[in-house]
Amino acid sequence: MKILVVDDEADVQPLFLQRFRREIREHEFEFDFALSGEDALHYLHDKHSEVVLILSDINMPGMSGLELLSRIRHEYDAPPPMVMMITAYGDEENHRQAMERGANDFLTKPLDFTLLKEKLKTLSE
Amino acid sequence: MDFFYFLAAFLIIRRINKSLKFSILYPKWKTMLSTATWIIIVGFIASFALEDYAKDFIGAAVLFGLIYYASKEQDFTSQHSYLLANIPLAAMGLVNCFSELFFDGFHEKYNEYFSWATLIAFAWIFGKWATSKKQEEELRISAERRAELEVLVQERTVELQKQKDELQETLQELKTTQAQLIQSEKMASLGELTAGIAHEIQNPLNFVNNFSEVTAELIEEMELELDKGDKDEAIAIASDIKQNLQKIMHHGKRADGIVKGMLQHSRASSNVKEPTDINKLADEYLRLAYHGLRAKDKSFNADLITHFAEGLPEVSMVPQDIGRVLLNLFNNAFYATKEKQKTAGTDYKPAVEITTHTKGKSLEIIVKDNGTGIPDEIKEKILQPFFTTKPTGEGTGLGLSLSYDIVVKAHSGKIDVKSKAGEGSEFRISIPV
């Protein structure tokens, strides 16, 4: 299962790679990364068919995660990728907007990787 | 005619007596004066028995003696002009005496004239006395007036001194208030920052936690690999662990730097200039300002565009003060874009741009936004203390005026403003390298 992680913090990348070390080695999951909403759209433009799940931060300079979500929902609907939103501000407003714009799930930072792993595993089964 | 000399002498004594009557000198002269009076009376009576010329001589001598003695005496200086007025009479006495003695016939012939002259000399005393009395009166009045004026001046001086003291006190109070305002402005901006700071600290802390956890897992895995004998994999894991520890350190320092920056910001400025990396400073405050605003308005989003020139010299400045200036400019820029977003269409994208470069012998920092801009009619006022366009309670109106003080007064720099209402603003700060 290919997962695209969108976050402006570059260190998110080694973190995911190490957290899912075993899963990656066993080819359960495959991760790709984008550093901004724009980056993510660019990536999806070429590879949207491969990506099953998108994990996106909400608070990013430039295009926000919510905007990215709207664009994805607008442009890619066959088949629609799963989108999970992540934010440091775990507030109602963001949650409501994310759900309204068609997010499949909503996670708050700091990420609970055990929980995320479980969620991903149920998805991939 | 000799009667006049004694009368004049008698009057001199009387006059001196009168003038001294209420002064502390009176006891000293009292006996002397009454003695002198008696001498004159006795002298006058005694002189009846004498020849005319002798009478004149004694009268003139008494008068001259008295004039001479009294005018030498310090205690009688106030009577000086009166004494001098007696000289013609005394002189007349001598003239009478000599003419009677040596030119008796001549004197007899013109006796009438001599008598007239003596009388006139006597009358002269009173004429002189009257004018001098008038002068004295005038002098007294002017002295009184001067005294009055002096009292007035005194009163005014006291009043002015009081006013001056009050003003000085007020000035001192104003200075204290200003210092308090500066501090509260700092605290207000710190308050705005708190959310941004929390966010900024949260991120590195998450990394520290996450990387620590994952590293613990990796060590377990490494042990497993070693048990299995997969040395290559163990080495690969070890290198990841090493990398993670570096990341933990990096993010720990990042959080540390933010806390330190926050403390620096809240602390009363030490005013110590030190070589400062302006790009680092600007980046730090840009993020803080952005996240501060985001924390308040979560739907707000802006493009942060940075044009940091590389290899800039470190410029001597008070970092927390310049940091405040930047923070203020960023806050204003975000505020302006946020305001514009309320009315602009969905196509509008808030953008705040920061540029650093050197220009000539100055370091230039340009903060530009595409917000509401500043209308021409208030452009002049924006640097004035307490001027704000924000609703009551939202802005102190001190941000830009303090920025001006910091840049222009404390760093000998310049602030230039370019703005067009509805299109955005550009603040250009230059600081001499």
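All of these numbers come straight from a predicted model, not from anything done at the bench.

Asks: Give me the lowdown on the domain arrangement of chain B, citing residues and values where you can.
Replies: According to the domain assignment, chain B contains domain 1 (2-109) and domain 2 (294-433). For domain 1 of chain B and domain 2 of chain B, the distance between their C-alpha centroids amounts to 100 Å.

Asks: Pulling in residues and values, what's your account of the packing of helix H3 (residues 52-72) of chain B against helix H5 (residues 87-102) of chain B?
Replies: Residues and elements named next belong to chain B. Where H3 contacts H5, the two axes come as close as 8 Å, and the packing angle between them is 155°. With respect to H5, the element H3 is oriented roughly antiparallel. Pair H3 / H5 crosses with left-handed handedness. Counting all contacts with H3, which are made through Asp52, Tyr53, Asp56, Phe57, Ala60, Leu63, Phe64 and Ile67, the residues of H5 involved are Ile87, Leu89, Ala90, Ala91, Gly93, Leu94, Asn96, Cys97, Glu100 and Leu101. Its residues assigned to classes, the contact of H3 with H5 shows 13 nonpolar, 2 polar and 3 charged.

Asks: Residues and numbers for helix H4 (residues 65-75) of chain A, please.
Replies: Along an α-helix, residues three or four apart share an orientation, since each turn contains 3.6 residues. Residues and elements named next belong to chain A. Along H4, the positions that sit buried rather than exposed are Gly65, Leu66, Leu68, Leu69 and Ile72. Along H4, the residues classed as buried sweep out an arc of 160° about the axis, all on the same side. Looking at the buried positions of H4, the neighbouring elements they touch are strand S1 (2-6), helix H3 (37-47), strand S3 (51-57), strand S4 (82-87) and helix H5 (92-100).

Asks: How would you sum up the environment of Pro385 of chain B? Please name residues and give values.
Replies: Residue and element names in this part refer to chain B. Tracing the chain through its elements places Pro385 in the loop between helix H11 (376-379) and helix H12 (399-411). The exposure class of Pro385 is partly exposed, given its relative accessible area of 48%. Put simply, Pro385 and Asp104 are 281 residues apart on the chain and 104 Å apart in space, counted from C-alpha to C-alpha. Excluding residues within four positions of it along the chain, Pro385 makes contact with Gly397, Leu398 and Ser401.

Asks: Talk me through a negative patch on the surface; I want residue IDs and the actual numbers.
Replies: Residue and element names in this part refer to chain B. Together, Asp165, Glu166, Glu169 and Glu173 line one region of the surface with negative charge. Summarising the element assignment, Glu173 is placed in helix H7 (residues 111-228). Looking at Glu173, the relative accessible area reads 49%, which means it is partly exposed.

Asks: Go over empty space enclosed by the protein, please, and point to the residues and values.
Replies: Evaluated as defined, the whole model comprises 2 cavities of 30 Å³ or more. If you add up the space inside the largest cavity, you get close to 160 Å³. Together, 15 residues line the largest cavity, and Asp7, Val12, Lys109 and Leu111 of chain A together with Asn210 of chain B are the ones closest to its centre. Within the residue set of the lining of the largest cavity, elements represented by two or more residues are helix H1 (12-19) of chain A together with H7 of chain B. Ranked by residues supplied to the lining of the largest cavity, first place goes to H7 of chain B with 4 residues. Split into classes, the residues belonging to the lining of the largest cavity amount to 9 nonpolar, 3 polar and 3 charged. The computed volume of the second largest cavity comes to approximately 70 Å³. The wall of the second largest cavity is formed by Glu185, Ser189, Arg324, Val325, Leu327, Asn328, Asn331, Gly399, Leu402, Ser403 and Ile406 of chain B. By residue number, the principal contributor to the lining of the second largest cavity is helix H10 (residues 319-343) of chain B, which donates 5 residues. Taken together, the residues of the lining of the second largest cavity sort by class into 4 nonpolar, 5 polar and 2 charged.

Asks: Go over the layout of surface pockets with me, naming the residues and quoting the values.
Replies: All names here are of chain B. In this structure, the largest pocket encloses a volume near 950 Å³. In terms of lining, the largest pocket is formed by 46 residues, of which the most central are Asn332, Tyr335, Thr388, Thr389 and Lys390. Elements with a contribution of two residues or more to the lining of the largest pocket: H7, helix H9 (278-296), H10, strand S5 (362-369), H12 and strand S7 (424-432). For the lining of the largest pocket, the element with the most residues is H10, which contributes 11 residues.

Asks: Could you give an account of the sheet that holds strand S5 (residues 105-108) of chain A, with specific residues and numbers?
Replies: Residue and element names in this part refer to chain A. Strands sit in the order S2-S1-S3-S4-S5 across an open sheet of 5 strands; the sheet is parallel. A strand with exactly one partner marks an edge of an open sheet, and here the two such strands are strand S2 (30-34) and S5. Within this sheet the neighbouring strands show an average axis-to-axis angle of 20°, counted without direction. As paired strands, S1 and S3 are joined by 5 bridges and run parallel to one another. Bridge pairing links Ile3 to Leu53 in S3. Sitting on the sheet, H1 touches S1, S2 and S3, and the angle it makes with S2 is about 170°. Of the strands in this sheet, S1, S3 and S4 are in contact with H4, which crosses S4 at around 170°.

Rules used throughout
- Residues numbered from 1 in each chain as written.
- Chains lettered and ligands numbered in written order.
- Predicted model: local features only at pLDDT ≥ 70, side-chain atom pairs only at ≥ 80, totals over all residues.
- Heavy atoms only, no water.
- Domains from an automatic or database assignment.
- Axes fitted to C-alpha atoms, helices over the stretch in contact; angles between N-to-C directions.
- Helix = DSSP H or I, 4+ residues; strand = E, 2+ residues; numbered from the N terminus.
- Parallel < 35°, antiparallel > 145°, perpendicular 65-115°, else oblique.
- Left-handed = near helix turned anticlockwise from the far one by under 90°.
- Contact = heavy atoms within 4.5 Å.
- Nonpolar A, V, L, I, M, F, W, Y, C, P; charged D, E, K, R; others polar.
- Buried < 20%, exposed > 50% of the residue type's maximum accessible area, 1.4 Å probe, protein only.
- Arc of directions from axis to C-beta.
- Patch = residues over 30% accessible without salt bridge, like charges linked within 9 Å, V, L, I, M, F, W, Y side chains within 5 Å.
- Areas by Shrake-Rupley, 256 points an atom, 1.4 Å probe, with all protein chains shown as cover.
- Salt bridge = Lys/Arg side-chain N within 4 Å of Asp/Glu carboxyl O.
- Lys, Arg positive; Asp, Glu negative; His and termini not counted.
- Charge placed at Lys NZ, Arg CZ, Asp CG, Glu CD.
- 1 Å grid on protein atoms, 1.4 Å probe; cavity = no way out; pocket = protein on both sides within 12 Å on 5 of 7 lines; lining within 4 Å.
- Points joined across faces, edges and corners; volume = space filled by probe spheres on them.
- Pairing = 2+ DSSP bridges.

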